[in-house]
Structure formats: C-alpha cells, structure tokens
Amino acid sequence: MVALDQNPVATGADDGQTAAKYYRAAWRWHFYAGLYVIPFFIMLALTGIAMMWIAFFDGRDGEYTAVIAQETTTAVSVQAQSALAAFGGGDVMHYTAPRDAQTAAMFRVDTDAGTMIAVVDPYTAQVIDTFPRGAGYYDMMDNIHGELMLGVVGDRMVEIAASLAVILVVTGVYMWWPRDRSLRAALTPRLAAKGRAFWKSLHEVAGIWVSVVLVFFLISGLSWAGIWGGKMVQAWSSFPTLQSASSVSSEVPVGDVLHGAMNSGAKDIPWALELVPMPASGSLAGADGIAEGLPVAFDTIDALARQIGFAGRYQLNWPMGETGVWTMSQVSMSRDDISPTGDRTVHVDRYTGNLLADVRYEDYGLMGKAMAVGIALHMGTIGIAFIIFNTLFCLTVLLLCASGVIMWWKRRPARTLRLAPPAMPQDMPLWKGAVVIGLALSFALPMAGFALLVVLVAEWLVLSRIPALKRALL
C-alpha cells in the first residue's frame with residue numbers, strides 16, 4: 001500500500017498509547033518508502049502494461065508478422081542466406097522458428113553495424129523486414145522497466161524501489177490490521193466517506209486486496225535484479241550441473257561459457273540455467289543425435305529439433321567459439337510456449353551432432369521451477385486471461401499511487417510543499433526488537449538496507465545540522 005498519509009489508531013489507556021507509537025513508527029517508514037517507490041511504481045505499471053499488450057499483438061521482435069501459407073517451405077539454410085544478403089554479410093547467430101504456418105521466421109545477424117534482425121518468409125525465403133535488435137517499442141519499454149535506460153545504475157535504482165516496496169507492503173498491512181473493526185468492514189471501502197477519509201479507505205482496501213499479488217510481482221521481479229537476484233538468490237539456486245539433466249552422460253565435458261552468454265539484449269535463457277556452464281563440443285560423449293554420415297549443419301540441426309519433439313516456435317543459437325554447441329530451446333519466458341512447465345533446452349555437439357544435454361522443467365530445482373512459473377505469470381505469457389488480470393493489477397497499483405499522493409496533499413501544511421512526514425514516536429517500547437527486524441530486512445534485501453541507511457545518515461549528518469533545511473523540507 002503506497003500511502004503518504006494515514007491516521008494512528010488508539011485503543012485506549014496504556015495499550016492505546018503503545019499501539020499508537022507502533023502505528024506511527026510503521027507509518028513513518030511507510031511514508032519514506034512510498035516517497036521513493038511511488039514514481040517507480042507508476043513507471044513499472046505503465047511499462048508493464050505496454051509490454052504485455054505489445055507482445056500480445058505484435059510480438060517482442062515483431063514475430064507475429066503474417067505470411068501466406070504455401071505447401072512447402074524453403075530450407076532454413078536458404079532463409080539464413082537471404083537474411084545475410086539483406087545486410088551484405090555478417091554472421092547468423094540466432095534463429096526463431098515460425099510459431100505457425102501463417103507467421104514469419106526471424107534471424108538474428110551480427111554485422112559491423114551491430115546486431116540486426118531479419119524477418120523472413122519461410123516459403124519464399126524473401127526478407128520482409130529488417131531492423132536493429134532491441135530497437136522496437138517492446139525493447140524500449142523493457143529497458144525502462146528494468147533499468148530506466150541507465151544500465152547498471154538504473155538496475156540498482158529499480159532494485160531499491162522493489163526492495164523498499166516489500167517494506168511498504170509489510171507496514172501497510174500492519175496499519176490496515178482491523179484492531180477495532182470487523183474484518184468485513186476492513187475489506188470494504190467506505191464509499192460514502194468524504195475528503196481524506198474516502199481516499200484513506202479506498203487506499204487501504206485496494207492495497208490489502210492486491211498485497212499478496214504485489215509481493216509476488218516484487219519477488220519475481222527482484223529475482224532478475226543485479227544484487228538480490230544475480231548475487232544472492234540465483235547464485236545458490238541455479239541448476240547445479242548439467243550432469244543431472246535427462247539424456248546426459250557423465251562423460252560430457254563442460255566448458256567455461258555460461259548459458260547467460262546467449263542472452264543478447266533480452267532474457268532468453270531460463271533463470272535456472274543462466275549461471276550454469278554449457279557443455280563443450282569436441283568429444284565423442286553424448287547420446288545419438290544427427291545420423292552418422294550427415295553433416296552437422298543448419299538444416300540437419302533443425303531437422304533434429306523437429307525429430308526430438310520441438311514443435312512450432314523454438315529458438316536455435318549458433319555455437320560460440322571452437323568448443324561451442326548448438327542450442328535449441330523452447331521456453332515460456334521467450335514466448336515460445338504458454339506453459340512454463342514445458343521448458344526445454346537441448347545442446348548438440350557441433351562436430352559429432354551428439355546430444356550433450358536435454359534440460360527440462362522437471363530437472364530444475366525448486367527455486368528454478370518457481371521462477372519459471374513466476375516469470376510466466378509476471379510477464380503474462382500464459383495467455384490472454386493473465387494479461388487482463390495483470391493489467392487490472394497494474395491499474396490498481398496506479399490507484400494506490402494516486403490515492404497515496406492525494407492523502408499527503410490533503411494532510412500537508414497549508415500553502416506549502418513540505419514533505420511533513422509523520423513524527424518519530426518517543427520512548428518506543430521494545431525498540432531493540434525493531435532494530436533487529438530492520439537488520440534482518442537489510443540482510444534479506446540489501447538494497448533496502450542501503451536505502452534505509454542513506455535516509456538515517458541524511459537525517460543525522462545533514463538535516464539535524466541545518467535546522468533551516470530541516471524546517472523547509474520536514
């Protein structure tokens with residue numbers, strides 16, 4: 001609940017005074033967290049809605065480009081040559097197979113001008129469209145959504161917002177808790193109320209109804225963040241080794257290139273595999289793949305993909321380096337399939353054509369499975385019903401932001417733009433316990449701890465030493 005204004009609850013006598021102190025302490029941190037989080041919530045909600053509907057109607061890279069179905073398609077290698085010719089050369093590094101008989105194929109080509117996309121008619125091998133990789137509206141929204149188009153700095157700023165938002169929800173639920181009213185009354189907005197009381201009731205009720213979903217979105221989003229996701233959770237939750245995947249021999253050599261290296265401007269690789277080394281080509285290990293006597297080339301790799309069960313849209317990555325492998329994947333995160341439990345990644349030796357690894361959803365650890373499903377829900381890739389649900393959720397988040405600002409506006413001192421945060425309660429009972437809770441949250445969510453430390457230091461070093469500035473702001 002993104003509130004910048006609440007009212008303390010008193011239950012009477014000493015208990016009432018103690019409850020009011022706890023309430024004001026929660027309110028103060030709710031206020032400060034909301035101050036930072038609200039702009040980010042607005043940005044995340046708007047860009048999230050945009051990405052879901054762009055992907056639904058046009059695809060992330062325009063892969064819903066329509067073609068006229070014919071009886072036969074041209075060889076994939078011929079389509080690749082057309083893609084290369086469109087840019088006057090380069091190296092094809094990625095192929096996205098058509099979703100169905102009425103959609104185009106996509107080729108990612110590395111050129112001197114950067115990574116480009118060619119949209120190719122699979123029946124005629126004619127290039128329909130070309131554009132730079134990551135130049136579409138979806139990519140722009142995704143860049144803003146994840147890192148504000150500021151790279152690592154933006155990623156950290158968004159992670160701070162998401163981390164503080166967890167504190168926002170916890171303090172919001174604490175303040176909503178129906179101490180002196182029935183649960184039914186606490187879950188129903190008082191639409192007849194006037195002024196600030198109306199907005200407070202609307203904010204509380206809307207917030208509590210979406211609080212669980214909001215925490216889910218925050219945690220699933222944080223799992224992609226640089227510190228909490230990349231350095232903490234993913235590091236110990238990633239797939240431990242390819243040796244335990246299905247159809248893999250213990251003799252398969254492992255290279256020093258991580259799966260995440262295949263990401264090119266987008267998260268195409270399953271979360272559970274990003275930090276896992278890929279197998280290496282150059283041995284006789286692995287299961288039977290391409291039949292003996294056939295070349296290990298684009299067309300035979302595509303035929304093998306169809307032979308082992310890849311249907312419709314799937315992704316094919318070229319080998320990277322002399323010991324690189326061909327990699328086929330079909331994952332919901334890349335919008336290949338609507339079912340996250342159908343995730344599959346297969347590696348093929350570039351020299352022998354043997355199957356080196358066949359990693360499926362059931363091979364993931366518990367966290368990897370949770371993330372596969374969580375990201376699909378977060379991105380709305382499971383189907384139109386979830387896109388509509390997520391859109392309504394995002395609109396509710398915008399309502400929470402608007403109502404929080406309106407409550408602050410109505411409570412602020414007249415004819416001034418001072419922040420006017422809730423006063424720090426004096427003689428807090430059990431304050432040591434609150435410190436312990438704060439430290440625990442800081443360790444669990446490092447960027448939230450960093451932000452809280454910055455606030456405390458700013459109050460101590462700056463505001464407490466410059467009374468005029470303190471009066472102007474607070």
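Residues numbered from 1 in each chain as written. Predicted model: local features only at pLDDT ≥ 70, side-chain atom pairs only at ≥ 80, totals over all residues. Heavy atoms only, no water.

A closer look at the overall build of the protein
Looking only at helices and strands, one finds 13 helices and 10 strands in the protein. Burial analysis of the protein (474 residues in total) assigns 48% to the buried set. Looking at the protein alone, contacts between residues at least 24 apart form 66% of all its contacts between residues at least 6 apart. (Helix = DSSP H or I, 4+ residues; strand = E, 2+ residues; numbered from the N terminus. Buried < 20%, exposed > 50% of the residue type's maximum accessible area, 1.4 Å probe, protein only. Contact = heavy atoms within 4.5 Å.)

Quick notes on the pattern of salt bridges
It is possible for side chains of opposite charge to pair when their charged atoms get near one another. All told, the structure shown has 10 salt bridges when counted by the stated rule. A salt bridge links Arg-60 to Asp-61; its shortest N-O distance comes to 3.7 Å. Each of the two residues, Arg-60 as well as Asp-61, counts as buried. The residue Asp-61 makes a salt bridge to Arg-133 at a minimum N-O spacing of 3.2 Å. Of this pair, Asp-61 sits in the loop between helix H1 (13-57) and helix H2 (76-86) while Arg-133 sits in the loop between strand S4 (127-132) and helix H3 (137-147), and the two are 72 residues apart along the sequence. Like Arg-133, Asp-61 is buried. (Salt bridge = Lys/Arg side-chain N within 4 Å of Asp/Glu carboxyl O.)

Remarks on the packing of H2 against helix H8 (residues 298-307)
Orientation of H2 relative to H8, taken along the N-to-C sense of each, is 125°, at an axis distance of 8 Å. Considering the angle they form, H2 stands oblique to H8. Counted together, Val-76, Ser-77 and Ala-80 of H2 and Phe-298, Asp-299 and Asp-302 of H8 form the full contact between these two elements. When the residues that make up the contact of H2 with H8 are grouped by side-chain class, the tally is three nonpolar, one polar and two charged. (Axes fitted to C-alpha atoms, helices over the stretch in contact; angles between N-to-C directions. Parallel < 35°, antiparallel > 145°, perpendicular 65-115°, else oblique. Nonpolar A, V, L, I, M, F, W, Y, C, P; charged D, E, K, R; others polar.)

Some details on helix H9 (residues 366-379)
Its 14 residues give H9 an end-to-end C-alpha distance of 20 Å, which sits within 8% of 20 Å, the value for a rise of 1.5 Å per residue. Buried residues of H9: Gly-368, Met-371, Ala-372, Gly-374, Ile-375, Ala-376, His-378 and Met-379, and no others. Immediately beyond the C-terminal end of H9, within one or two residues, lies Gly-380, with a positive phi of roughly 70°. (Expected span 1.5 Å × (residues − 1).)

Section: the pairing of strand S8 (residues 325-330)
Across the six residues that make up S8, a large majority, six, are buried. Bridge count between strand S7 (residues 315-317) and S8: three bridges; the pairing is antiparallel. Bridging across to S8, Leu-316 finds its partner in Met-328. Across six bridges, S8 lies against strand S9 (residues 344-349) in antiparallel orientation. From the neighbouring strand, Gln-330 faces S9, where its bridge partner is Arg-344. (Pairing = 2+ DSSP bridges.)

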